[in-house]
Amino acid sequence: MNTERYLAILDRIKKDPSCHKQDWWHCGTAHCFAGHAQIDSGLPINDTTCATDASDWLGISPAFAVWLFASNRTVADFEAFYSWTDAQRCLAAVQQGGYAIQYLTDAQRTPEVCLAAVQQGGYAIQCLTDAQRTPEVCLAAVQQNGHAIQYLTDAQRKSIGR
């Protein structure tokens, strides 16, 4: 993450809360965190490319963007995100949207992160390797969404008694 750019946006929002409106990319003179990053990047204002432009300019993965750019984020959330470890950011991202696991590296996909991803969205099982599909993870995926069973091998189904 480009901390200088991240902290500049956070500082601006803290100094002038009226310039921040997290529930829309760009709204008049107020912008969400991603909207501020897109403007700072020098790229044209574009709601369609805002998240991608912002995550690229800030140097954050799409997985972290899932969490960071959510409409319910507050200044306190942005401050917390900055202080978190990579592991904490990965966990937060998949808890926001299980599909975010597709953007994480294998090293970031710890057993805890894999379990949290499928607990949030059972279909996240599709993004996991066979080695990451422990019986606990497979069972959690199917419990969260019964249709996730279609992505399990016969051996994985057997391991969870299905």
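Here the structure is shown first, and the text comes after it.
Along each chain, numbering runs from 1 in the same order as the chain's sequence is written. Since the coordinates come from a predicted model, pLDDT governs what is reported: local features require at least 70, and pairs of side-chain atoms require 80 or more to be given and counted, while whole-chain, interface and lining totals use all residues. Excluding hydrogens and water, the side-chain figures rest on all heavy atoms present in the structure.

## What about the overall build of the protein?
Secondary structure elements follow DSSP: runs of H or I of four or more residues count as helices, runs of E of two or more count as strands, with numbering from the N terminus. Assigned secondary structure in the protein consists of nine helices and two strands. Principal-axis analysis of the C-alpha atoms gives the protein an extent of 55 × 25 × 25 Å. Per-residue accessibility, obtained with a 1.4 Å probe over protein chains only, is compared with the maximum for each type, and a residue is labelled buried under 20%, exposed over 50%, and partly exposed between these values. Out of the 162 residues belonging to the protein, those deemed buried represent 44%. It only takes one pair of heavy atoms within 4.5 Å for two residues to be counted as in contact. Taking the contacts inside the protein whose residues are at least 6 apart along the sequence as the reference set, 40% of them involve residues at least 24 apart. We get accessible surface area from the Shrake-Rupley algorithm with a probe of 1.4 Å; when it comes to residues, only the shown protein chains can shield them. Within the structure as shown, the protein displays about 8,200 Å² of accessible surface, and the carbon and sulfur contribution to it stands at 52%. Charge counting treats Lys and Arg as positive and Asp and Glu as negative, with His and both chain ends excluded. By convention, the charge on Lys lies at NZ, on Arg at CZ, on Asp at CG and on Glu at CD. Taken together, the 12 basic and 16 acidic charged side chains of the protein have centroids lying 5 Å from each other.

## Quick notes on helix H7 (residues 111-120)
Residues spaced three or four apart along an α-helix face the same direction, because each turn holds 3.6 residues. Taken together, the buried positions of H7 are occupied by Val113, Cys114, Leu115, Ala116, Ala117 and Val118. Where H7 is buried, its residues meet helix H6 (86-96) and helix H8 (135-144).

## A closer look at the packing of aromatic side chains
Ring geometry is summarised as follows: Phe, Tyr and Trp rings, the Trp one being its six-membered ring, pair when their centres sit within 6.5 Å, and such pairs are stacked at plane angles under 30 degrees, edge-to-face over 60 and tilted between the two. Inspection of the entire model under this criterion finds nine aromatic pairs. Measuring from ring centre to ring centre gives 5.8 Å for Tyr123 and Tyr151, while their planes differ by 80°; the resulting arrangement is edge-to-face. Taken together, the residues span a long stretch of sequence, with Tyr123 in the loop between H7 and H8 and Tyr151 in the loop between H8 and helix H9 (154-159) at a distance of 28 residues. Of the residues examined, Tyr123 reaches a relative accessible area of 35% and is grouped as partly exposed. An aromatic cluster is defined as three or more aromatic residues linked by ring pairs; in this entry it consists of Tyr6, Phe33, Phe64, Trp67, Phe78, Phe81, Tyr82 and Trp84. Between the NZ or CZ atom of Arg73 and the centre of the ring of Trp67, over which it lies, the distance is 3.8 Å. Over a ring means this: the NZ of a Lys or the CZ of an Arg is within 6 Å of the ring centre and within 35 degrees of the ring normal.

## Some points on the pattern of salt bridges
One speaks of a salt bridge when a side-chain nitrogen belonging to Lys or Arg is within 4 Å of a carboxyl oxygen belonging to Asp or Glu. For the structure shown, the criterion picks out five salt bridges. Between Asp11 and Lys15 there is a salt bridge; the shortest N-O distance is 3.1 Å. Note that Asp11 and Lys15 are positioned in helix H1 (residues 3-15) at a spacing of four residues, about one turn of the helix. We classify Asp11 as partly exposed; its relative accessible area is 36%.

## Describing the nonpolar core
In terms of nonpolar packing, the biggest core is built from 48 residues, with Phe33, Leu58, Leu68, Phe69, Ile101, Val118 and Ile125 touching the most fellow members. When residues of this core are traced back to their parent elements, those giving at least two are H1, helix H2 (33-41), helix H3 (50-58), helix H4 (62-68), helix H5 (75-83), H6, H7 and H8. Beyond its immediate sequence surroundings of up to four residues, Leu68 is in contact with Tyr6, Gln22, Phe33, Ile60, Arg73, Phe78 and Phe81. What we call a nonpolar core is a set of buried Ala, Val, Leu, Ile, Met, Phe, Trp, Tyr and Cys residues that are connected through their side-chain atoms within 4.5 Å.

## Comments concerning the packing of H1 against H5
Where helices are involved, their axes are fitted lines through C-alpha atoms of the stretch in contact, as for all axes, and angles between N-to-C directions lie from 0 to 180°. For the pair H1 and H5, interaxial distance at closest approach is 11 Å and the crossing angle is 160°. Classified by the angle between their axes, H1 and H5 sit roughly antiparallel to one another. Judged by the sense of rotation from one axis to the other, the crossing of H1 with H5 is left-handed. Contact residues: H1 offers Thr3, Tyr6, Leu7, Leu10, Ile13 and Lys14, while H5 offers Val75, Phe78, Glu79, Phe81 and Tyr82. Orientation is classified from the angle alone, with under 35 degrees giving roughly parallel, over 145 giving roughly antiparallel, 65 to 115 giving roughly perpendicular, and any other angle giving oblique. By definition, turning the near helix anticlockwise from the far helix through less than a right angle yields a left-handed crossing, and turning it clockwise yields a right-handed one.

## Quick word on the side chain of Arg89
Note on placement: Arg89 falls in helix H6. Notably, Arg89 is buried but unbridged: the nearest opposite-charge side chain belongs to Asp86, and the N-O separation is 5.5 Å. Among all residues touching Arg89, those that are not within four sequence positions of it are Met1, Phe64, Phe81, Tyr82 and Trp84.

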